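Tertiary structure, described
Each chain, written out:
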Amino acid sequence: QQPVQSPQAVILREGEDAVINCSSSKALYSVHWYRQKHGEAPVFLMILLKGGEQKGHEKISASFNEKKQQSSLYLTASQLSYSGTYFCGTRWVDPNFGNEKLTFGTGTRLTIIP
Amino acid sequence: NAGVTQTPKFRILKIGQSMTLQCTQDMNHNYMYWYRQDPGMGLKLIYYSVGAGITDKGEVPNGYNVSRSTTEDFPLRLELAAPSQTSVYFCASSPSGEWTAETSPLHFGNGTRLTVT
């Protein structure tokens, strides 16, 4: 049920690009992306909706392919402040309860070095 | 704005003890959630609530109980603490289930770090 993220960890030099992938076995209504700094709470980055609508945040953008039940997060020209663990969260409807749940992936640890 | 407030920030319990993790939000959000995060792992949903008086189980509800008597508060109860419950617990809220970018993001509290020994 938990979405699968890849890679699990990545190390970049400042200015390099990275792609983080998130896939789910369930039909999705939307995909969230969050970033968590060490010892802090996750912070919302963006949400992607059905229809493949892409939402951007600074130099971070993402895509959502609802047919493939996949989302990708694109970090371009990475900055030191981008370091942290990135989580995708997938919203799906619980058939037993009729309400949507938000389930998170296991995370991708991103380290940016000068 | 306070947002989502969790107390306590840290707690050490002995095996078999009980405690309640408090969570309150002042944004009038309908949905509230409890997640646990084990070291180096992702967030696992424990329980969630879609409004006062309505709660449901998440992925890992065993050993926990919740109640939602008001819109603002969503306490998490551990009845018989076990070492497997050592974790960081996050409470979160969101306005509703509407699918708009402006209303769906989760707002997290700062977490409660719980150690059971």
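Residues numbered from 1 in each chain as written. Chains lettered and ligands numbered in written order. Predicted model: local features only at pLDDT ≥ 70, side-chain atom pairs only at ≥ 80, totals over all residues. Heavy atoms only, no water.

**A closer look at the overall build of chain A**
Inclusion rule: In this description a helix means any DSSP run of H or I spanning at least four residues, a strand means any run of E spanning at least two, and both kinds are numbered starting from the N terminus. Exposed residues in this analysis have more than 50% of their type's maximum accessible area, buried residues have under 20%, and partly exposed residues fall in between, with area computed by a 1.4 Å probe over protein chains only. Only heavy atoms matter for contacts: two residues are in contact if any of them lie within 4.5 Å across the pair.
When helices and strands are counted, chain A shows zero helices and eleven strands. By the burial criterion, 47% of the 114 residues in chain A qualify as buried. Partitioning the contacts of chain A with sequence separation of at least 6, the portion at a separation of at least 24 is 56%.

**Considering the state of the cysteines**
All names here are of chain A. Just so we agree on the cut-off: The disulfide definition used here is simple: a pair of cysteine sulfur atoms within 2.5 Å.
On inspection of all chains with the given rule, the structure shows two disulfides over all chains. Each sulfur in the disulfide pair C22 and C88 lies 2.0 Å from the other. Given an S-S torsion of about 70°, the disulfide between C22 and C88 has right-handed geometry. Pair noted here: C22 is in strand β3 (residues 18-23) and C88 is in strand β9 (residues 84-93), with a separation of 66 residues, a long-range link. The burial state of C22 is the same as that of C88; both residues are buried.

**Some thoughts on the interface of chain B and chain A**
The cut-off we apply is this: Reported buried area values correspond to the accessible surface (1.4 Å probe) lost by two parts on association, with both partners' losses combined. Throughout this description, a polar contact denotes any pair of N or O atoms lying within 3.5 Å of each other; where both atoms belong to protein, one of them has to be capable of donating a hydrogen while the other can accept it, and for residues adjacent in sequence the pair is counted only when both atoms sit in side chains. Note on residue categories: nonpolar means Ala, Val, Leu, Ile, Met, Phe, Trp, Tyr, Cys or Pro, charged means Asp, Glu, Lys or Arg, and polar means any other residue, Gly included.
If you look at the interface, chain B gives 30 residues, while chain A gives 26 residues. Buried area between chain B and chain A, both sides added, is near 2,200 Å², and the carbon and sulfur share of it is 62%. Linking chain B with chain A are two residue pairs in polar contact (both at pLDDT 80 or more), by the criterion used here. In terms of residue count, strand β5 (residues 43-51) of chain B provides more of the side of chain B that touches chain A than any other element does, five residues in total. Looking at the side of chain B that touches chain A, its residues break down into 15 nonpolar, eleven polar and four charged.

**A closer look at the environment of C91(B)**
Residues and elements named next belong to chain B. Within the secondary structure, C91 sits in strand β9 (residues 87-94). With 67 residues separating them along the chain, C91 and T24 place their C-alpha atoms 8.6 Å apart. Those residues within four positions of C91 in sequence are excluded, and the remaining contacts are V4, Q6, C23, M32, Y33, W34, H107, F108 and G109.

**So, the pattern of salt bridges**
It is possible for side chains bearing opposite charge to pair when their charged atoms get close. Residues and elements named next belong to chain B. Our working definition: Put simply, a salt bridge is a Lys or Arg side-chain nitrogen that is within 4 Å of an Asp or Glu carboxyl oxygen.
Under the defined criterion, the tally for this structure stands at two salt bridges over all chains. With its nearest N and O atoms 2.8 Å apart, the salt bridge here joins D38 to R36. R77 serves as the salt-bridge partner of E79, at 3.2 Å between the closest nitrogen and oxygen. A relative accessible area of 37% places E79 in the partly exposed class.

**Considerations on unusual backbone geometry**
Residue and element names in this part refer to chain A. Residues S6 and P7 are joined by a peptide bond in cis, for which omega reads -5°. By the secondary structure assignment, P7 is in the loop between β1 (4-6) and β2 (9-13). Residues other than glycine seldom take positive phi values, yet Q69 does so here, at roughly 55°. With respect to the helices, strands and loops of the structure, Q69 is situated in the loop between β7 (60-65) and β8 (70-75).

**Section: the side chain of T112(B)**
Residue and element names in this part refer to chain B. Of note, T112 is situated in strand β11 (residues 112-116). A polar contact is formed between the side chain of T112 and the backbone oxygen of P8, at a distance of 2.6 Å. Apart from the residues lying within four places of it in its own chain, the contact partners of T112 are Q6, T7, P8, K9, L21, S87, V88 and Y89.

**A look at the sheet that holds strand β1 (residues 4-7) of chain B**
Residue and element names in this part refer to chain B. Here is the rule we go by: Note: two strands are recorded as paired if DSSP finds a minimum of 2 bridges between them. Only C-alpha atoms enter the line fits that serve as axes; for helices the fit covers just the stretch in contact. Angles between N-to-C directions range over 0 to 180 degrees.
Taken in spatial order, the four strands line up as β1-β3-β8-β7 in an open sheet, and their pairing is antiparallel. Looking at the sheet topology across the chains shown, the edges are occupied by β1 and β7 (64-66). Sheet twist, expressed as the mean angle between neighbouring strand axes with direction ignored, is 20°. In this sheet, strand β3 (residues 19-25) lies alongside β1 in antiparallel orientation, the contact comprising four bridges. Bridge pairing links T5 to T24 in β3.

**Quick notes on the environment of M41(B)**
In this fold, M41(B) is placed in the loop between β4 (31-37) and β5. The exposure class assigned to M41(B) is partly exposed, which follows from its relative accessible area of 43%. Ignoring anything within four residues of it in the chain, the contact list for M41(B) reads F87(A) and T106(A).

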